[in-house]
Every structure is written in C-alpha cells, then in structure tokens.
Amino acid sequence: MSTQQGTQMSAVDAAQLPFEIGLNSFGDVPNVDGTPLSDAATVRLLVDKARLAEKVGLDVFSIGEHYREGFVDSATPVILAGIATATERIRLGSAVTVLSTNDPVRLYNEFSTLDALSNGRAQMVVGRASQTQSFPLFGYDIADYEQLFEEKLDLFMQLQRSDSVTWSGSVRAPLVNQTLHPTMRPGGIPTWVGVGGSPDSVVRAARYGLPLMLAIIGGQPERFAGHVDLYFRALEKFGMPAGRVGQHALGLVAETDDEAAETWWESWKPMVEMMGKERGFYPPTKERYLMELETGALFVGSPDTVAKKIARMVEVLRISRFDLKYDVIGLPTDARAQTISLLGTEVAPRVRRLLAKESINV
C-alpha cells in the first residue's frame, strides 16, 4: 500500500486512529405489540437507549432533526440534555443539525449549555437538509438553500473559534463585539459537516478544517471514495491539518444474518415505499434489498457480518468513525435494543481486532 502525501490519509492511517462506533436516531416511532408508541413515550425511549449504548461501551449517541409525522427529534438539544443527566461517559451529538434553518447564535447557546451540562461531551453534525420541511416551518425560502448554509456556517464557526465576534451578512442581524454565554471550551465543540453527495459540501468542510460525515443510505458505499479523495486534496490546498472522515449508515444487528435480514425488511420496506413517493426512490423489491445487504449501504446481519463490512469501509473510505442508525419507523423496541447491545458487545470489539490486524500486516 502506497504512502499518502501531505494531508492524505491511507486506510492504514485510518485504522490507527482511535476508532469510534456510535448510534444515530431520528426519534423514529416504534411499534409495541403492533401499535405505534406515543410521541412522549418515544422521546423517553431515546434516553433509555442512550443509557444502554453507554452500558455496552459505545462511543457516541446522536439524534437528528426532523419535522414530520413519525419522528420526534425536532428539539435535539433538549433531548440530548436529558440524556446528559442520565449518562456519564458517552459522547452526545446531533446526527444532523439543519444549520440552514437554525440561528447560529441560538445553536451556540444550546450546544454550549449541553457541553457544560455533559462535562464536555457535546458534538454535532451540521448539514444543509435532505428534507425540506423546516424551510416553510421557520419562514425560509428553499431557493436560498446554499446562501443560508454558507453564511450561517461562517458565523457559527466564528462564534465557536473567537471570544468576541463581529459579523454581518444577509441572513440575520449583524453582531458587533458579541460574546455569548455560557462559553464553549476553547476552539468549540467537535463539529462535523454532513454530506450526502455534493462535492461543494466536501470542499466547504475542508475549507473550514472540519471533519467530514458521509451520509450513505443507499447504493454501493465505494462510490463515495472520490469524495474522500477530494476532501483530502482540498484540506491540503487550504493548508489544513489531516481531517477525519465518518460514515452514517442504516442497519440492524441480530444473532444471525437471516434473523437480521427478515426483521429489517419488515420495517425498511414500508419506509422506502413512503420515501419513494416523495423522492422517486426505486421500488423496494426483495431482490434489490438483498443486494443492498450484500454489496450496498445497509449494515444488516450478524455481528461478524456487520463488523467485517465496517472494517471494509475503513479500507475503502478511510473512516475513523462509524455511526449506525439503529431505528426506523415501526421497528419494534426489542429489535432496537438487541442491535445496540450486539453493536457494543460483539461488533465493536470485532472491528477493532480486524483493524489492529490490518495495521500489523501492512
């Protein structure tokens, strides 16, 4: 394997980084005995699942931000604050914060408070939004999609990296020598840029020297290798230090491959049918589904199967963090708990052994 130059990072370099394995949730409402759980009970369930994630040794628990039927993650920092008081070690973050329709000042206040409450465990992933419900809800024009994100990211990073900020732009009122409280730790909290496929977003992350989170929910993950190459080239161009790459994926872990495949199919099929009507996704045929399990973006299977697939992503995408979205609408609570338990007790140790072996053999 050739040595990468400058800020370029090889698969071996990625394997030698401290590898994080975490969980993502969008607050998807589960079924209990065939009946959807209430919204309030689903919120409380997130706290229970975060406690379980910490108990089994996982590194990160993240919650998304959505404004639609079937999801209860519309107030992410509030839920994370509740989790912070119920846990001690696990890091807490957003699976995606829709920066385009949030106010950077308010976000700073919310996440600096979360960081203080959790004793330095807060982090976040910011994104432009793959779903657009927040734009009309908060009075924004979807036509301003790019400008909103660009200006708000600039302000948000200035707030994190400077004690006093003077800023002006077109998307909010200007700031003059503004200091916010409670203050964040020096340099701010870990802030990743979520990317679903846009090369411009990859370059933007590199320009700010921020780690890159790849949201890969369908198709072959290998197609994102070009984005990773672009990211490291851009870091070098902007004179930034070597960055980190993470992967957000969907999946379920069970005792056997067959059990996992059948359990996930029962909830995944209606979800893809619903999303297909909105976005023009392919029909969720069983043949296509099995292909996604074998070579695609779904991490569904036994602990050994899922661990080998994650380790493969280190080789292909040079990731040093992997987050599994362990829940979809309707997926029973016991299947969610089993995934969390097996991910922490079986999958994570297997992945780290595989990475250590790879590092030694190269």
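Residues numbered from 1 in each chain as written. Predicted model: local features only at pLDDT ≥ 70, side-chain atom pairs only at ≥ 80, totals over all residues. Heavy atoms only, no water.

Below, the discussion takes up the packing of aromatic side chains. The way to describe two aromatic rings as a pair is by their centre distance and the angle between their planes. Tallied over the entire structure, the rule returns nine aromatic pairs. Plain terms: the ring middles of Trp265 and Trp268 are 6.2 Å apart, the flat faces sit at 40° to each other, and that makes the pair tilted. Taken as a pair, Trp265 and Trp268 lie in helix H9 (residues 257–279) at a separation of three residues, close to a single helical turn. Note on accessibility: Trp265 and Trp268 belong to one class, buried. Ring geometry for Phe299 and Phe322: centres 4.8 Å apart, planes at 55°, overall tilted. Of this pair, Phe299 sits in strand E13 (residues 298–301) while Phe322 sits in strand E14 (residues 321–325); the two residues are 23 residues apart in sequence, bridging distant segments of the chain. The pair Phe299 / Phe322 is uniform in exposure class, with both members buried. Over the face of the ring belonging to Trp192 we find Arg321, whose NZ or CZ atom lies 4.9 Å from the ring centre. Over the ring of Phe26 we find Lys325; its NZ or CZ atom is 4.7 Å from the centre of that ring. (Phe/Tyr/Trp six-rings, centres within 6.5 Å; stacked < 30°, edge-to-face > 60°. Helix = DSSP H or I, 4+ residues; strand = E, 2+ residues; numbered from the N terminus. Buried < 20%, exposed > 50% of the residue type's maximum accessible area, 1.4 Å probe, protein only. Lys NZ or Arg CZ within 6 Å of the ring centre and 35° of its normal.)

At their nearest, the axes of H9 and helix H10 (residues 286–295) sit 12 Å apart, and the two run at 125° to each other. Regarding the angle of H9 to H10, the classification is oblique. Judged by the sense of rotation from one axis to the other, the crossing of H9 with H10 is right-handed. Along the contact surface, H9 presents Ala260, Ala261, Glu262, Trp264, Trp265 and Trp268, while H10 presents Lys286, Tyr289 and Leu293. Grouping the constituent residues of the contact of H9 with H10 by class yields seven nonpolar, no polar and two charged. (Axes fitted to C-alpha atoms, helices over the stretch in contact; angles between N-to-C directions. Parallel < 35°, antiparallel > 145°, perpendicular 65-115°, else oblique. Left-handed = near helix turned anticlockwise from the far one by under 90°. Contact = heavy atoms within 4.5 Å. Nonpolar A, V, L, I, M, F, W, Y, C, P; charged D, E, K, R; others polar.)

For strand E10 (residues 191–195) and strand E11 (residues 212–215), the ladder comprises three bridges, and the chain directions are parallel. Of the residues in E11, the one forming a bridge with Val193 is Leu212. Where the polypeptide runs from E10 across helix H7 (residues 199–207) and back to E11, its parallel neighbour, the crossover connection is right-handed. Both E11 and strand E12 (residues 245–253) contribute to a ladder of four bridges, which runs parallel. Along E12, the bridge assignment pairs Leu212 with Val245. (Pairing = 2+ DSSP bridges. Right-handed = clockwise from strand over helix to strand, strands pointing away.)

Right, let's get into the nonpolar core. Among the nonpolar cores identified, the biggest contains 86 residues, and Phe19, Phe61, Ile83, Tyr231 and Leu317 are the most heavily contacted of them. Excluding its chain neighbours within four sequence positions, the residues that come into contact with Phe61 are Leu23, Leu46, Lys49, Ala50, Ala53, Leu80, Ile83, Ile90, Arg91, Leu92, Gly93 and Tyr326. Leu250, Trp264, Trp265 and Val300 belong to the second largest nonpolar core, which has 18 residues in total. (Core = buried A, V, L, I, M, F, W, Y, C linked by side-chain atoms within 4.5 Å.)

If you check helix H4 (residues 104–117), its first and last C-alpha atoms are 20 Å apart, about what 14 residues at 1.5 Å a residue would give, namely 20 Å. At its buried positions, H4 is contacted by helix H3 (76–86), strand E5 (91–94), strand E6 (97–98), strand E7 (122–127), helix H6 (145–161) and strand E9 (175–178). Following H4 by one or two positions, Asn119 adopts a phi angle in the positive range, close to 60°. (Expected span 1.5 Å × (residues − 1).)

A few words now on unusual backbone geometry. Cis geometry marks the peptide bond from His181 to Pro182; its omega dihedral reads 0°. Counting through the fold element by element, Pro182 comes out in the loop between E9 and E10. Look at Asn177: it is not a glycine, yet its phi comes out positive at around 45°. Assignment of secondary structure puts Asn177 in strand E9. Here Asn177 falls in the exposed class, since its relative accessible area comes to 58%.

Next up on the list: the side chain of Asp115. Inspection of the secondary structure assignment puts Asp115 in helix H4. Ignoring any residue separated from it by four or fewer positions in sequence, one finds Asp115 in contact with Gly120, Arg121, Ala122, Arg185 and Ile189.

A few words now on the confidence of the model for the protein chain. Looking at the protein chain as a whole, the pLDDT averages 92, with 93% of positions reaching at least 70. Here residues 1–6 scores under 50 on pLDDT; set against residues more than four positions off or in separate chains, the count is 11 contacts. (pLDDT = per-residue confidence, 0-100.)

In total, this model carries 21 salt bridges according to the counting rule given. The partner of Lys286 in a salt bridge is Glu262, and the shortest N-O contact between them spans 3.8 Å. Taken as a pair, Lys286 in helix H10 and Glu262 in helix H9 lie far apart in primary sequence, 24 residues in all. In this structure, Arg350 engages Asp304 in a salt bridge whose closest nitrogen and oxygen atoms are separated by 3.8 Å. Here Arg350, found in helix H12 (residues 333–361), pairs with Asp304, found in helix H11 (residues 303–317); they are 46 residues apart in sequence, far enough to count as distant. Under the relative-accessibility criterion, Asp304 is labelled partly exposed at 33%. (Salt bridge = Lys/Arg side-chain N within 4 Å of Asp/Glu carboxyl O.)

On to the environment of Gly296, then. Secondary-structure assignment places Gly296 in the loop between H10 and E13. In this structure the C-alpha to C-alpha distance between Gly296 and Asp59, which are 237 residues apart in sequence, comes to 25 Å. Gly296 has contacts with Gly219, Gln220, Pro221, Met291 and Lys309, leaving out every residue within four places of it along the chain.

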